[in-house]
Amino acid sequence: MSNDINQIMNLKIFGGERRARRARPARTYREAAREIPVLAETDVLVVGGGPAGTAAAIAAGRLGGEVMLVERYNHLGGLSTGGLVIWIDRMSDWSGRPVIRGLAEELMDRLPQDAIQGPPKGDWGSKDAATAAYWAERTAAFHGTVTWSPTIDPEALKTLSMQMVLDHKVRLLLHAWVAAPIVEDGKVRGAVIESKEGRHAIHAKVVVDTTGDADLIARAGARCQSDIDQSDIHHCINTGWLFAGVDMEQWIRFRTERPQDFAAFMQGGREKLKAFERPFVSWRNDVCVFMGPRLSGYSAIDVEDQTEVEIRSRQLMIGSLEYFRAHAPGFANAYIMLGAPQLGVRHSRRMAGVRMVTREQWDSGKAWDDEIGVSTSLSPKFPNISVPYGALVPVEVDGILGAGRHVACDASSHSFLREIPQCWLTGQAAGVAAALAANAAIRPRDVEVRLIQRELLRQGAYLSPSIEAALDGRMVAE
């Protein structure tokens, strides 16, 4: 294998240089108009089976009616499974209270015990120095506080996600890529898909865009934003991977007990590979996950950029394996277990919504009157972050909701609203709202928020105490 590694390492692109690209022709091709057969008619169509789409489909299914979920890969879970983002970051707030609940909590509770690793509930919120130090090395303590941030077996989550979708009578369509929205009179009424069968149409009363890149919302003509926070990693792209045959406890001892040697090791890796990062623990000691090296300057909606990121990530994976085997305690017998089948995209564009989460909100602790969920903040110095229903509703286009990493927010707030738990949170809310809109034959923007909130509470979600109290008061008055 060494000769193969050396050949890969000698490729020019490995040094971080972009490949020269041929100019694209200025010509166009006129596609002939044709009749497209209708594959299905449904009440709610969910496009994209990642965390947000899975949650949306299940939540909508619980309200009855017909729900269809279209996914381009052979599995559900998106980046939490196929992207190997198996570190499920911060579902509890800084006091230890679980705030991202509902379907997110159900999924974590239903995983087999040997498929999830994280601190026991009694430690959530602990500021004990020894306890926090232990879990900090296992991706579950930050700012000296233990949080509920488990790591999971991606195959177990794939299985559970699919089972829960099917249990709720959702019509699942895999290996199908949604190509365009069907828009009539400013309202999205379905989508056109491509598959091995060719091109088909799916009609729907309400569509939920959980593509991660707002593909349908953007192609329907709605405004989107693409500004980034240069100081944050949220605009970086890479393909993750798993190494097996490792001993992560030995690695952690090396990191914590030999800091100078660890610093020298990391410096050597950066000198050799340019883009170089350390591994994280997984759900078991003999498997680790690399969610970097993170590559910047690429667009997640440019097919040539996507291709180049895949090539560079593969080369970095091979180079990292050789370096870790030779120099890292616990990695002498490491081998590649899996390169992620999905590209690790953190950001491409965000929809312009009726409301949006902004940096100014972090300080105020404002709870929106149309709150549909609560996210923990980035630091204990900030209160929890209320997420409004308006962040799921596009400004211009009707008949469609957005959920997942493209919800309406500023670039700073995107740093946490793109995470897996927050995608479950917004996805569940979008599914509830879509089902209510379809059942009542009204636009999603016209659904009474209190009905969404009540159903979310019924499904086990968490809302701010002030919102829940106000909702209780309305119920008494009614």
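Residues numbered from 1 in each chain as written. Predicted model: local features only at pLDDT ≥ 70, side-chain atom pairs only at ≥ 80, totals over all residues. Heavy atoms only, no water.

J.: Any chance you could explain the nonpolar core here in plain terms?
T.: The nonpolar side chains of a soluble globular protein tend to be buried, and buried together. One finds M108, I372, Y389, W424 and I452 to be the most contacted residues of the largest nonpolar core, which totals 82 residues. Per-element accounting of this core gives the leading share, 13 residues, to helix α12 (residues 420–440). Look past the residues within four positions of M108 in its chain and what remains in contact with it is I88, M91, I116, P150, I152 and W424. Counting 31 residues, the second largest nonpolar core, distinct from the first, contains M248, C288, F331 and L343. (Core = buried A, V, L, I, M, F, W, Y, C linked by side-chain atoms within 4.5 Å. Buried < 20%, exposed > 50% of the residue type's maximum accessible area, 1.4 Å probe, protein only. Helix = DSSP H or I, 4+ residues; strand = E, 2+ residues; numbered from the N terminus. Contact = heavy atoms within 4.5 Å.)

J.: Please explain the packing of aromatic side chains as it appears in this structure.
T.: The relation between two aromatic rings is expressed through the spacing of the ring centres and the mutual angle of the planes. Taken as a whole, this structure holds 23 aromatic pairs when the rule is applied. Between W251 and F265, the aromatic rings sit 5.7 Å apart at their centres with planes inclined by 70°, giving edge-to-face as the arrangement. Taken as a pair, W251 in helix α7 (residues 248–257) and F265 in helix α8 (residues 259–273) lie far apart in primary sequence, 14 residues in all. Each of the two residues, W251 as well as F265, counts as buried. Counting every residue linked through ring pairs, the aromatic cluster contains W241, F243, W251, F254, F262, F265, F276, F290, Y323, F324 and F331. For R90, the ring lying beneath its charged end belongs to F142, and the centroid distance is 6.0 Å. (Phe/Tyr/Trp six-rings, centres within 6.5 Å; stacked < 30°, edge-to-face > 60°. Lys NZ or Arg CZ within 6 Å of the ring centre and 35° of its normal.)

J.: Help me understand the packing of α12 against helix α13 (residues 449–458), please; the structure alone is not making it clear to me.
T.: The geometry of a pair of packed helices is captured by two quantities: the angle between their axes and the separation between those axes. The contact between α12 and α13 brings their axes to 10 Å, and the two run at 125°. Considering the angle they form, α12 stands oblique to α13. Both α12 and α13 take part in a crossing whose hand is right-handed. Here Q428, A429, V432, A433 and L436 of α12 come into contact with α13, specifically with L451, I452, E455 and L456. Residue classes in the contact of α12 with α13 are distributed as seven nonpolar, one polar and one charged. (Axes fitted to C-alpha atoms, helices over the stretch in contact; angles between N-to-C directions. Parallel < 35°, antiparallel > 145°, perpendicular 65-115°, else oblique. Left-handed = near helix turned anticlockwise from the far one by under 90°. Nonpolar A, V, L, I, M, F, W, Y, C, P; charged D, E, K, R; others polar.)

J.: Is there a simple way to explain the sheet that holds strand β13 (residues 241–244) in this structure?
T.: Adjacent strands of a sheet pair through backbone hydrogen bonds, lying either parallel or antiparallel. With respect to topology, four strands assemble into an open sheet ordered β14-β15-β13-β16, the strand pairing being antiparallel. Edge positions in the open sheet fall to β14 (280–281) and β16 (335–339), since each of these has one partner strand only. Pairing of β14 with strand β15 (residues 287–290) involves two bridges; the strand directions are antiparallel. Looking across to β15, one finds that V281 is bridged to C288. (Pairing = 2+ DSSP bridges.)

J.: I'm lost on α8 in this one. Help?
T.: Residues separated by three or four positions in an α-helix point in the same direction, a consequence of the helix having 3.6 residues per turn. Between its first and last C-alpha atoms α8 spans 21 Å; for 15 residues at 1.5 Å apiece the expected length is 21 Å, and the two agree. If you check which residues of α8 are buried, you get F262, F265, M266, G268, G269 and L273. Buried residues of α8, viewed axially, fall in a sector of 160°; they line one side. Away from its buried face, by an angle of more than 90 degrees, α8 presents the exposed residues Q260 and E271. Following α8 by one or two positions, K274 adopts a phi angle in the positive range, close to 70°. (Expected span 1.5 Å × (residues − 1). Arc of directions from axis to C-beta.)

J.: Quick question: what am I supposed to make of the pairing of strand β1 (residues 38–47) here?
T.: For a regular strand, side-chain orientation follows a simple rule: the groups alternate between the two sheet faces. Extensive coverage of β1 is indicated by the burial of seven of its ten residues. Two elements, β1 and strand β10 (residues 198–209), share eight bridges in a ladder whose sense is parallel. By the bridge assignment, V38 is partnered in β10 with A201. Looking at chain direction, β1 and strand β2 (residues 67–70) are connected through four bridges and run parallel. Counted as the bridge partner of V44 is V67 from β2. Running through helix α2 (residues 51–61), the crossover from β1 to the neighbouring parallel element β2 is right-handed. (Right-handed = clockwise from strand over helix to strand, strands pointing away.)

J.: What am I meant to see in the side chain of T54 here?
T.: By the secondary structure assignment, T54 is in helix α2. Owing to a relative accessible area of 1%, T54 belongs among the buried residues under this scheme. Beyond its immediate stretch of four places on either side in the chain, T54 contacts G49, L76, G77, S161 and V165.

J.: Would you mind going over the packing of α8 against helix α9 (residues 303–327) with me for this structure?
T.: The geometry of α8 relative to α9 is characterised by a closest axis approach of 11 Å and an angle of 145° between their N-to-C directions. Between α8 and α9 the crossing geometry is right-handed. Contacts between α8 and α9 involve A264, F265, G268, G269, K272 and L273 from the first element and L316, G319, S320, E322, Y323, F324 and H327 from the second. Among the residues making up the contact of α8 with α9, the classes are represented as six nonpolar, five polar and two charged.

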